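# Understanding the architecture of this molecule
As a plain string of letters, each chain reads:
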Amino acid sequence: MPAIDVRHRPWPLPQGPWIGRQSWCDLLFAHWPIAASVLRPLVPKALEIQEFAGTSWVGLVPFRMQGVMLRGLPDVPGISAFPELNVRLYVEHKGKPGVWFLSLDASSKLAVWGARKFFHLPYFHADMSLTREGERISYRSVRKANVAYQETRSAESAPLLSMTHAPTFVGDYTPTSSVYSSKPGSLEHWLTERYCLYAEAPDGSLRCTDVHHAPWPLQKAELQLTRNSMFEGHGISLPGTPELLHFSRRIDVIFWPPSPAR
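Not measured: the values here are computed from a predicted model.

The rules behind these values
Residues numbered from 1 in each chain as written. Predicted model: local features only at pLDDT ≥ 70, side-chain atom pairs only at ≥ 80, totals over all residues. Heavy atoms only, no water. Helix = DSSP H or I, 4+ residues; strand = E, 2+ residues; numbered from the N terminus. Rg over C-alpha atoms; globule rule 2.2 N^0.38 Å. Buried < 20%, exposed > 50% of the residue type's maximum accessible area, 1.4 Å probe, protein only. Phe/Tyr/Trp six-rings, centres within 6.5 Å; stacked < 30°, edge-to-face > 60°. Lys NZ or Arg CZ within 6 Å of the ring centre and 35° of its normal. Salt bridge = Lys/Arg side-chain N within 4 Å of Asp/Glu carboxyl O. pLDDT = per-residue confidence, 0-100. Contact = heavy atoms within 4.5 Å.

### With respect to the overall build of the protein
Looking only at helices and strands, the protein has three helices and 13 strands in total. In terms of C-alpha radius of gyration, the protein reaches 17 Å, essentially the compact-globule figure of 18 Å for 262 residues. Referenced to the eigenvectors of the C-alpha coordinate spread, the extents of the protein come out at roughly 50 × 45 × 40 Å. Within the protein, the proportion of its 262 residues that are buried is 52%.

Below is the structure:
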């Protein structure tokens, strides 16, 4: 395996070996500004909700997983590739910035089960499709079942609100610029260059999972949004059109096992 380039990382790699790999493909970052006070009930008290220039942000991220497998094992057809859709917030714990997921939807039942059990993440099984025609990506996700949310959140965190319809995202997105790297200190760098995620274990303890990848190869993007109800179950009201849109064709990722947040 070639040496890992760590020059862009905000902190050193974890001391132990990484345990798995995956690639994130045909990915859209859609972002809306939102007051941190609105998000506070959705995040454990141990985490600080970050702000950039006086506001926090909510991210909606549809993409395609590829090459998902434990270290040293080959890809498995029907298991290693599937669509995924995330709703994420930007947080930090004792000065270490990361991501807090409100929900993660995937078409793979195995991925949903494994991520819930071993990484304590709020994954849901969904009926999903991603098709590509030229540069244009057509994406559709409809959650199949609102399984017990309390499996991944303690009583401290807010549960999903009841909904009369399944959380849904349908839209087409397209890159509209050449590839570039975000500049440190910019908003797009702040939103995208995140190297850990936080989750809450069933006992209420905070866990941190470190990840590593190259700097994001970004492109400007446009979105034709048909339907988005992914925020409604969290009590978040946002305008239909995102304020910021970025596209990335592919990035390769390695990850470490969850550890207690320190």
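### Side note on the packing of aromatic side chains
The relative placement of two aromatic rings is captured by the distance of their centres and the angle of their planes. According to the stated counting rule, one finds ten aromatic pairs in the structure shown. Relative to Phe255, the ring of Phe119 has its centre 5.9 Å away and its plane inclined at 75°; by these criteria the two rings are edge-to-face. One end of the pair, Phe119, is in helix α2 (residues 109-119); the other, Phe255, is in strand β12 (residues 244-255), and 136 residues separate them in sequence. Phe255 matches Phe119 in its accessibility class, with the two residues each being buried. Site record: aromatic cluster; members linked through ring pairs are Trp24, Phe29, Phe63 and Trp216. Over the face of the ring belonging to Phe124 we find Arg143, whose NZ or CZ atom lies 4.0 Å from the ring centre.

### Quick look at the pattern of salt bridges
In total, this model carries twelve salt bridges according to the counting rule given. For the salt bridge of Asp75 with Arg21, the shortest nitrogen-to-oxygen distance reads 2.8 Å. Placement of the pair is Asp75 in the loop between β3 (56-70) and β4 (82-93) and Arg21 in strand β1 (residues 20-34), with a sequence separation of 54 residues. Across the pair Arg136 and Asp172 runs a salt bridge, and its minimum N-O distance is 3.7 Å. Within this pair, whereas Arg136 is found in strand β7 (residues 136-143), its partner Asp172 is found in strand β8 (residues 168-175), the two being separated by 36 residues in sequence. On the basis of relative accessible area, Asp172 is assigned to the partly exposed category, the value being 23%. Three or more residues are tied together by salt bridges with common partners; here these are Asp26, Arg64, Arg132, Glu135 and Arg249.

### Observations regarding the confidence of the model for the protein
Chain-level pLDDT for the protein is 93 on average; 92% of the residues reach the 70-or-more range. Note on residues 147-155: pLDDT is under 50 here. Beyond four places in sequence and across chains, it has 29 contacts.

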